[in-house]
Amino acid sequence: MSDTHTPTLDNLSHETRAFAPSAEFVANAIGKPEQYEAANADRLGYWAETARKVLTWDTDFTEVLDWSGAPVAKWFADGKVNAAYNALDRHVENGLGDRVAIHFEGEPGDTRSYTYSQLTTAVKQAANAFESLGVAKGDRVAVYLPMIPEAVITMLACARIGAIHSVVFGGFSADALRSRVDDAEAKLVVTADGTWRRGKPSALKPAVDEALAAPGHTVQNVLVVKRNGQDVTWNEKLDKWWSETVDSASTEHTAVGHESEHPLFVLYTSGTTGKPKGIIHTTGGYLVQAAATHRDTFDLHPETDVFWCTADIGWVTGHTYVTYAPLVNGATQVMYEGTPDSPHQGRWWEIVEKYGVTILYTAPTAIRTFMKWGRQIPDSYDLSSLRLLGSVGEPINPEAWMWYREVIGSNNGPNGEKKEHPTPIVDTWWQTETGAHMIAPLPGVTATKPGSAQTPVPGITVDVVDEMGVSVGNGEGGFLVIRDPWPAMLRGIWGDMDRYKETYWSRFEGMYFAGDGAKKDEDGDIWLLGRVDDVMNVSGHRLSTTEIESSLVAHPYVAEAAVVGAKDETTGEAVVAFVILQIEPAEGEDVVATLRAHVGKDIGPIAKPRHILVVPELPKTRSGKIMRRLLKDVAEGREVGDSTTLADSTVMTQIADSMRK
Ligand code: WTA
C-alpha cells in the first residue's frame, strides 16, 4: 500500500461563524435531535427501525447486522427487498402515480417529464427487454449513457431483475470502458448514439465500438438509445436500438424481492494504484442509508419539494442521490443533460426558476465557477423557491460557502430582495465506498459552520485518529476513520477481496481508513482537509496519480513520470505531471500536446494534465520513492520544502533550472 502523508492543518481554526436554523425551519424540520439520541442509545435498533420506515420489504429481516465475516458486513441479511419496486411501483400503489418523478431538461432545451406511473411502466419494459436479451439475476450490465432518463431507467431495470449495473462515466475513454467491461465481465452494454454538448451533438457510440472492436470480451448485446440522431456505425451482431427493443416490450413485469445482500451495483473509482477499483454495493443496507440520509440531510418533504442533484450518474452521487434515494422517497426531481454555461451562464438558475427547485445539491467547484462569473447572473433570476442547499465532493472553502449562502441562498426574487432567513447549507462528506452521506449537519438541528461537514449522521460513528490510531482531542488533526460498520458500506472490491482489506482495513486495526485528513475543532465538529493518499480531487472527480503516471510511462516518449495535484482556485486541484523523456521527439513536435492527448485517450479528457513539465530528473528517496511533496511545492509555486532525504540533493535545483528554461 502506498504511503500516506500527514495532513496539514490549515488556518481553518479562524473560522468561528455558525448559523443556527430559523425557528420556522426548525418547526417543520424532518431531522430531529432525538435521532442522535436514539441512535446513540441503540445503534442497531435505530437502523432496524429506519430500515422498516424507509423501505417496503418483501420479506422482513430478523438480524440487523452480521459482522462475523468482518470486514465484510451483512445488513438485514435474511430480508428480501426489490429496489425498483421501492423506487416505483409502491408509490403508484399508494396513489402517487401522477406525481412527477423526473423533470428532464435536455441540453438543447427539449423537455420530458415522467410521472411515477410512466417511469414504472418504462422500467418494466426495460426489465422485460433486458431479460429477453438473456440478462438474468447476477449478470453485469455496463451503462455508458449521458444524463438522460434512460440512464435511470436502465439502472432501475437492472435492479428490478437483480442484474448488477456498472455505470461508466460518459467522459471516460474507450480504453477505460473496455477495462471496466472486462473486469466486470459485462453481458450487455447500454449506450446512446450520443448526447448534446454546448449546442452541438457529441458522439458516444464510437467509443463503445472501439472498446468492443478487439475480441475476447463477454458482451452479447449493445442497446443503443437514440438521443441526438447522429449517424452511427452499426454492428449487426451486437447492436440493437432501444426504441425497437424496449419500447415494444410488455408493460407488465412483477418485481420479486432480492436478498438484502444481493449486489445492486459495481462502480469503479480511482484508488492509489493504477487499476480502478470496482466498488461493490448491495441492496438493502445501501437503500436504507441512501433514503434516510436523503430525507434527513435535505429535509425532504416529498409532497412539495423539487430536488435537483447536479451530479452525473457516472459518479456515486448520481447513483445515490439521482437514481435511488429521491425515487425511493417518492420525490420530484430535476435531471439536466448539459453544462452550466450553455447556452448561457445563467442556465442553472433558469432551471431552478422554471421548475421551482427547492433543494439544490452540487459541488464546490461549480459554486466557485459561479463566483468567478459574478453574482449579477444569479441575481437576475428568481431563486426564491430554494429552501436548502447542499455541497459534496471536496472540501468547501468558507468563502464559497458564504457566497452560496448570500447569493444563492438569500435570493428572494430578481429585484434584489433578500430572504429573511437564508437557506441552510449542508456540506456532506462521503465516498463511493460509503454509499451515502456519513458526515453532514441535520439542517433543522445543527448550527452550520462555513466549510465544515461537522457531525456524523445519526447511526454513524466516525473519528479522527493520529498515526497510531488513537483518537485525537478537540483542536487536533489526523486521519478520518469510521469505527463501526454502516448499512451502505461497500462490501468489497470486485474480484479482489484482498485489495479491499488491504486498502481500507490495514492502516488502523479494526477501523475503516477513509484516505482523508480531518480535524476536530474546539466543539468536536469535523473539518475535512482533503486526501492524504495519492488520490487527487479535480472538480470533485477522483483521479489517481498512479493511474495517470502509468498512462504517461506507457507512451514511448516517456521514461519516467510523476503526477501531483496542485491547488487550483476553481477545480480544487489540477493535474500536473513531471516527465523524463527517453527519446528526442521529432523536430517541431509539441510533446506536451502529444502526451496530454495520449492521457485523454487512455483514461478520459478529465484526466488530461493541466501542465506537463519535461524535467531531467525526478526527486527520489534513497529507497527510490518519488517525493511528490517536493514536486507539489514546485507545481504550486512555493519554495521547495525539506529535501534532505533525497538520494541526489541536486535534483530539485536541476528541475528548477530546467523550468527556468
Ligand atoms: C472528497 C463523492 C470534503 C473526499 C461523494 C472523499 C469531500 C472523496 C466531501 C470521495 C466533502 C467528498 N468535504 N471532502 N463534503 N465529499 N469529499 O468517491 O476526499 O467521488 O474521500 O465520492 O471526495 O470521492 P467520491
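Residues numbered from 1 in each chain as written. Predicted model: local features only at pLDDT ≥ 70, side-chain atom pairs only at ≥ 80, totals over all residues. Heavy atoms only, no water.

## Here we look at the overall build of the protein
- On a plain count of helices and strands, the protein comes out with 20 helices and 30 strands.
- For the protein, whose C-alpha radius of gyration is 24 Å, the value lies close to the compact-globule estimate of 26 Å for 661 residues.
- Its C-alpha atoms give the protein principal-axis dimensions of roughly 75 × 65 × 60 Å.
- Expressed as a percentage of the 661 residues in the protein, the buried residues total 61%.
- Excluding contacts between residues fewer than 6 apart, the proportion of contacts in the protein whose partners are at least 24 apart in sequence is 72%.
- Carbon together with sulfur atoms contributes 50% to the accessible area of the protein, which is approximately 24,500 Å² in total.
- Taken together, the 61 basic and 89 acidic charged side chains of the protein have centroids lying 1 Å from each other. (Helix = DSSP H or I, 4+ residues; strand = E, 2+ residues; numbered from the N terminus. Rg over C-alpha atoms; globule rule 2.2 N^0.38 Å. Buried < 20%, exposed > 50% of the residue type's maximum accessible area, 1.4 Å probe, protein only. Contact = heavy atoms within 4.5 Å. Areas by Shrake-Rupley, 256 points an atom, 1.4 Å probe, with all protein chains shown as cover. Lys, Arg positive; Asp, Glu negative; His and termini not counted. Charge placed at Lys NZ, Arg CZ, Asp CG, Glu CD.)

## Some remarks on the environment of H611
- Counting through the fold element by element, H611 comes out in strand β30 (residues 611-614).
- Taking the C-alpha atoms as reference, H611 lies 6.3 Å from A577; in sequence the two are 34 residues apart.
- Not counting residues within four places of it along the chain, the set of residues in contact with H611 comprises V575, V576 and A577.

## Comments concerning the layout of surface pockets
- Approximately 480 Å³ is the volume attributed to the second largest pocket.
- As for the second largest pocket, its lining consists of 24 residues, of which S22, E24, F25, H421 and P424 are closest to the centre.
- Of all elements in the fold, only α1 (23-28) and α15 (398-408) reach the threshold of two or more residues within the lining of the second largest pocket.
- With 3 residues, α1 is the single largest residue contributor to the lining of the second largest pocket. (1 Å grid on protein atoms, 1.4 Å probe; cavity = no way out; pocket = protein on both sides within 12 Å on 5 of 7 lines; lining within 4 Å. Points joined across faces, edges and corners; volume = space filled by probe spheres on them.)

## Some details on the pairing of strand β25 (residues 526-531)
- Most of β25 sits out of view: 6 of its 6 residues are buried.
- In terms of strand pairing, strand β24 (residues 512-520) meets β25 through 4 bridges, oriented antiparallel. If you follow D516 over to β25, its bridge partner there is R531.
- What sits between the antiparallel neighbours β24 and β25 is a turn of 5 residues, in which G524 has the positive phi angle 85°. (Pairing = 2+ DSSP bridges.)

## What about the pattern of salt bridges?
- As enumerated under the stated definition, the model contains 41 salt bridges in all.
- The partner of E261 in a salt bridge is R491, and the shortest N-O contact between them spans 2.9 Å. Of this pair, E261 sits in the loop between β13 (258-259) and β14 (263-269) while R491 is found in the loop between β22 (477-482) and β23 (492-493), placing the two residues 230 residues apart along the sequence. When sorted by exposure, E261 lands in the same class as R491, which is buried.
- Residue D379 is joined to R375 by a salt bridge in which the shortest nitrogen-to-oxygen separation is 2.8 Å.
- On the basis of relative accessibility, which here comes to 35%, the residue R375 falls in the partly exposed class. (Salt bridge = Lys/Arg side-chain N within 4 Å of Asp/Glu carboxyl O.)

## With respect to empty space enclosed by the protein
- Under the counting rule described, the total for this entry stands at 4 cavities of 30 Å³ or more.
- In this model, the largest cavity occupies a volume close to 60 Å³.
- Along the walls of the largest cavity sit F172, R180, Y268, T269, S270, W315, R542, L543, E547 and I603, which together make up its complete lining.
- Residue assignment for the lining of the largest cavity shows that the elements contributing at least two residues are β14 and β27 (541-544).
- As a volume, the second largest cavity reaches approximately 60 Å³.
- Around the second largest cavity, the lining residues are Y46, W47, A292, T293, D296, T297, L442, V457 and P458.

## What about the site of the ligand?
- Taken together, the neighbourhood of the ligand is formed by 17 residues, with D427, T428, T432, D516 and R531 sitting nearest.
- G393 is positioned with one of its backbone polar atoms (N or O) 3.1 Å from a nitrogen atom of the ligand.
- When the free accessible area of the ligand is taken as 520 Å², the share hidden by the protein chains comes to 97%.
- Of all elements in the fold, only α11 (316-328), β20 (425-428) and β25 reach the threshold of two or more residues within the shell around the ligand.
- Taken together, the residues that form the shell around the ligand break down as 6 nonpolar, 6 polar and 5 charged. (Near = heavy atom within 4 Å. Polar contact = N/O pair within 3.5 Å; in protein donor to acceptor, adjacent residues only side chain to side chain. Nonpolar A, V, L, I, M, F, W, Y, C, P; charged D, E, K, R; others polar.)

## Section: the environment of I313
- Among the secondary structure elements, I313 is positioned in the loop between β16 (306-309) and α11.
- C-alpha of I313 to C-alpha of I148: the two residues are 165 residues apart in sequence and 9.3 Å apart in space.
- For I313, the contacting residues outside a window of four places in its chain are L145, M147, A151, M155, V167, G318, H319, V322 and T323.

## Quick word on the packing of helix α13 (residues 364-373) against α15
- At their nearest, the axes of α13 and α15 sit 10 Å apart, and the two run at 70° to each other. The angle between the axes of α13 and α15 places the two elements in the roughly perpendicular class. Where α13 abuts α15, its residues I367, R368, F370 and M371 lie against E399, A400, W403 and Y404.
- When grouped by side-chain class, the residues that make up the contact of α13 with α15 number 6 nonpolar, no polar and 2 charged. (Axes fitted to C-alpha atoms, helices over the stretch in contact; angles between N-to-C directions. Parallel < 35°, antiparallel > 145°, perpendicular 65-115°, else oblique.)

The analysis is restricted to geometry; functional conclusions fall outside its scope.
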